[in-house]
Amino acid sequence: MSLFKNFFSYKKNYALIQDNQKYTYEYLIKYSKNILKIIEKKSLIVLVSKNDIESIAFYTTCIINGYYLIILDVNCDRKFFLETIKKFKPNYIFYPKKFINLKKNYKKFFSSNYCLCKIDTKIKKINIKNSIILTTSGTTSNPKFVRLSNKNLLKNSHQIIDYLNIKKKDITITTLPMAYSFGLSILNTHLESGSTIVINNDPVFSKNFWLKIKNYSICSFGTVPAAYEYLKKIKFENFIPKSLKYLTVAGGKTKKETLEYLLKTCKKNNIKFFVMYGQTEASPRMSYFDLTKYPEKIGSIGKTIKNTKFEINKDELVFYGENVSLGYAKNLNDLKKGDINKGKIKTGDLGYKDMNNFYYLTGRKKRISKLFGLRINLDDIEKFLKKRKLDTKIIINDDKISVVSKNSSDHKKIKNQIFDKFKINRNFIEVSNNINEKKITNFEK
């Protein structure tokens, strides 16, 4: 059994809705057959993805046809894109027409908004266990490529379908890029269960987003902690429709006061709220926590998903499960490798377990943390600023990057430099003259 093999059971069901246009699972099956006429088996492909029908249909096609797929986001740095092509030497690139202009005389196939470009005819020597390659959610131009097998994706999808009780009658909506592992997981779980996904690119705090929630009778959505901060500000409890059954959050720590607000809001509207903990290296979800069921455990990441486990080794969480990725890849040569991790990963997160077997996080082992779903390497930011002759110390708290600079005249420049280079929202950057020692107790230089 492999991911999406059961599409035939849902042929007449609506899989995707975009701009009021509905696409059935039969459409996705036919799309995959048409692509098979163009792309040779065992091809290595780079997908530059957006949340739209063409990206998602192409993704499911690659899974169904057994292609090897590297997924990048349409907003990725062009230099990073070109370096990826150079390192992995794919056979094909599937990308939005406006993304880049490849001047070489490659063979190209065009759809309405995308181009399929053949850049290499040589079939690569790739271990058959590999299926897709995702980047970790790095925002400091230093992401890792994670090798995931079809089995990893299938196991994790069914673990989540089972826990969240996702049915084919359910309808969800996209809130995150599909190149981001949590966003892709939401696609996988709902497509695997035969349910419907409304394709959306509006932010969760916009009027259009909530009109879609209402008009399509959306049952659930998931997003990152920062998005719930915005929902709290706009008091979204005033326009929650009755169709909404549950919400999920992942991609970093949610403030306690925000969780308290969400608990109150969800209880009032008979909605469940799930805190989910994961990493790309685990396909990506590792644990779940039903806040509405266990409000006394607020702040916990809960318990591990079915048929997996945590161990704590020197305060670090170590995870075991069949959804653990095969390993990392730096270049094409690494795709010859099989399962290096053997079902075990060190998370890099420090934590503990209480007497009821609920897990809690206390910090990071290295100077890497997560804000708004992105892994942020503090050393990368420091090095970048140092090259620009800005002497700083980067620390982090639950919801902000804190930059310490003794030169007050540099403060505005530092914030602008970080925003321009790393696209981190200015609201999440604070620059000051002093170090608050409490903020750095969980981090090791």
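In the block above lies the structure referred to throughout.
If you're wondering where the values come from, they're calculated on a predicted model, not measured in any experiment.

Rules used in this analysis
Residue numbers here run from 1 along each chain, matching the order of that chain's written sequence. Two thresholds apply to this predicted model, a pLDDT of at least 70 for residue-level local features and 80 or more for giving and counting side-chain atom pairs, whereas whole-chain, interface and lining totals are computed over all residues. Values shown for side chains rest on all heavy atoms present in the structure; no hydrogens or waters enter the calculation. Helix numbers and strand numbers start at the N terminus; a helix is a DSSP run of H or I with at least 4 residues, a strand a run of E with at least 2. A helix's residues, less one, multiplied by 1.5 Å, set its expected span. A 1.4 Å probe rolled over the protein chains alone gives each residue an accessible area, and that area as a share of the maximum for its type sets the label: buried under 20%, exposed over 50%, partly exposed in between. Any two residues whose heavy atoms approach within 4.5 Å are treated as being in contact. A pair of strands counts as paired when DSSP detects no fewer than two bridges linking them. As a rule, the C-alpha atoms of each element are fitted with a line to give its axis, helices using only the stretch in contact, and angles between N-to-C directions run from 0 to 180 degrees. An angle counts as roughly parallel when it lies under 35 degrees, as roughly antiparallel when it exceeds 145, as roughly perpendicular when it falls between 65 and 115, and as oblique in every other case. Handedness of a crossing follows from how the near helix is turned relative to the far one, being left-handed for an anticlockwise turn of less than a right angle and right-handed for a clockwise one. Just so you know the grouping, Ala, Val, Leu, Ile, Met, Phe, Trp, Tyr, Cys and Pro go in nonpolar, Asp, Glu, Lys and Arg go in charged, and all remaining residues, Gly too, go in polar. Nitrogen and oxygen atoms within 3.5 Å of one another constitute a polar contact, given that in protein one can donate a hydrogen and the other can accept it, and given that sequence-neighbouring residues count only through two side-chain atoms. We call a set of buried residues a nonpolar core when its members are Ala, Val, Leu, Ile, Met, Phe, Trp, Tyr or Cys and they connect through side-chain atoms within 4.5 Å of each other. Take a side-chain nitrogen of Lys or Arg and a carboxyl oxygen of Asp or Glu: if they are within 4 Å of each other, that pair is a salt bridge. In this scheme, patches are assembled from residues that exceed 30% relative accessible area and form no salt bridge. Like charges are connected within 9 Å, while nonpolar side chains (Val, Leu, Ile, Met, Phe, Trp, Tyr) are connected within 5 Å. Each accessible area is a Shrake-Rupley result for a 1.4 Å probe, and residues are judged covered by the shown protein chains and nothing else.

Caption draft 1: Broad picture of helix 1 (residues 25-36). Over its 12 residues, helix 1 extends 17 Å from the first C-alpha to the last, a length consistent with the 16 Å expected when each residue adds 1.5 Å. Buried residues of helix 1: Tyr25, Glu26, Leu28, Ile29, Tyr31, Ser32 and Ile35, and no others. Structurally, helix 1 contributes buried residues whose contacts are with strand 1 (14-18), strand 2 (21-24), helix 2 (53-65), strand 5 (92-96) and helix 5 (181-192).

Caption draft 2: Molecular detail of the pairing of strand 8 (residues 132-135). A two-sided burial pattern is seen for strand 8, the buried positions comprising Ile132 and Leu134 on one face and Ile133 and Thr135 on the other. Bridge count for strand 4 (residues 68-73) against strand 8 is three bridges, and the pairing is parallel. Bridging from a neighbouring strand, Leu69 pairs with Ile132 of strand 8.

Caption draft 3: Molecular detail of the packing of helix 1 against helix 2. Relative to each other, helix 1 and helix 2 sit at 70 degrees, their axes nearing to 9 Å. Between helix 1 and helix 2, the angle is such that the two are roughly perpendicular. Relative to helix 2, the crossing made by helix 1 is right-handed. Along the contact surface, helix 1 presents Tyr27, Leu28, Tyr31, Ser32, Ile35 and Leu36, while helix 2 presents Ile53, Glu54, Ala57, Phe58, Thr60, Thr61, Ile64 and Asn65. When the residues that make up the contact of helix 1 with helix 2 are grouped by side-chain class, the tally is nine nonpolar, four polar and one charged.

Caption draft 4: Representation of the sheet that holds strand 18 (residues 316-320) in the model. Taken in spatial order, the four strands line up as 17-18-20-21 in an open sheet, and their pairing is antiparallel. Of all the strands in the sheet, just strand 17 (309-313) and strand 21 (359-364) have a single pairing partner and so form its edges. Taking each pair of neighbouring strands and ignoring which way they run, the sheet shows an average axis angle of 50 degrees. In this structure, strand 18 lies alongside strand 20 (residues 344-353), joined through four bridges in antiparallel fashion. Looking across to strand 20, one finds that Glu316 is bridged to Leu350.

Caption draft 5: Region of interest: helix 8 (residues 256-268). For helix 8, spanning 13 residues, the distance from its first C-alpha to its last is 18 Å, which sits close to the expected 18 Å at 1.5 Å a residue. All buried positions along helix 8 are accounted for by Thr258, Leu259, Tyr261, Leu262, Leu263, Thr265 and Cys266. Against the buried residues of helix 8 lie helix 7 (225-233), strand 13 (246-249) and strand 14 (272-278). Where helix 8 terminates, the next one or two residues include Asn270, which has phi positive at roughly 55 degrees.

Caption draft 6: Summary view of the side chain of Ser300. In this fold, Ser300 is placed in the loop between strand 15 (285-290) and strand 16 (303-304). At 2.7 Å, the side chain of Ser300 and the backbone nitrogen of Gly302 are in polar contact. When residues no more than four places from it in sequence are discounted, the contact partners of Ser300 are Val275, Phe289, Phe358, Tyr359 and Tyr360.

Caption draft 7: Geometry of the pairing of strand 17. Two strands pair when backbone bridges link them, and strand 17 and strand 18 are joined in this way by five bridges, in the antiparallel orientation. Residue Lys309 lies in a different strand from strand 18, and its bridge partner there is Tyr320. If you look at the hairpin formed by strand 17 and strand 18, you'll find two residues sitting between the two strands, and Lys314 has a positive phi there, around 55 degrees.

Caption draft 8: Inspection of the nonpolar core at higher detail. With 46 residues, the main nonpolar core has Phe221, Leu247 and Phe273 as its most contacted residues. The biggest single contributor to this core is helix 8, with five residues. Not counting residues within four places of it along the chain, the set of residues in contact with Phe221 comprises Thr172, Ile173, Thr175, Phe209, Trp210, Ile213, Tyr228, Leu231, Leu244, Tyr246, Leu247 and Thr248. Formed by 43 residues, the second largest nonpolar core is a distinct cluster that contains Tyr23, Ile64, Tyr67 and Leu191.

Caption draft 9: Expanded view of the pattern of salt bridges. All chains considered together, the criterion is met by 11 salt bridges. Asp354 is the partner of Lys297 in a salt bridge, and the nearest nitrogen-oxygen pair spans 2.8 Å. Of this pair, Lys297 sits in the loop between strand 15 and strand 16 while Asp354 sits in the loop between strand 20 and strand 21, and the two are 57 residues apart along the sequence. Asp354 sits in the buried class, given a relative accessible area of 15%. Residue Lys337 pairs with Asp334 through a salt bridge whose shortest N-O separation is 3.1 Å. Among the residues examined, Asp334 registers a relative accessible area of 11% and is labelled buried. Through salt bridges that share partners, Lys151, Lys155 and Glu322 make up one connected network.

Caption draft 10: Just a nonpolar patch on the surface, in detail. A cluster of nonpolar side chains, contributed by Phe205, Ile234 and Phe239, occupies part of the molecular surface with about 240 Å² of accessible area. In this fold, Phe239 is placed in the loop between helix 7 and strand 13. Residue class for Phe239 comes out partly exposed when judged on its relative accessible area of 35%.

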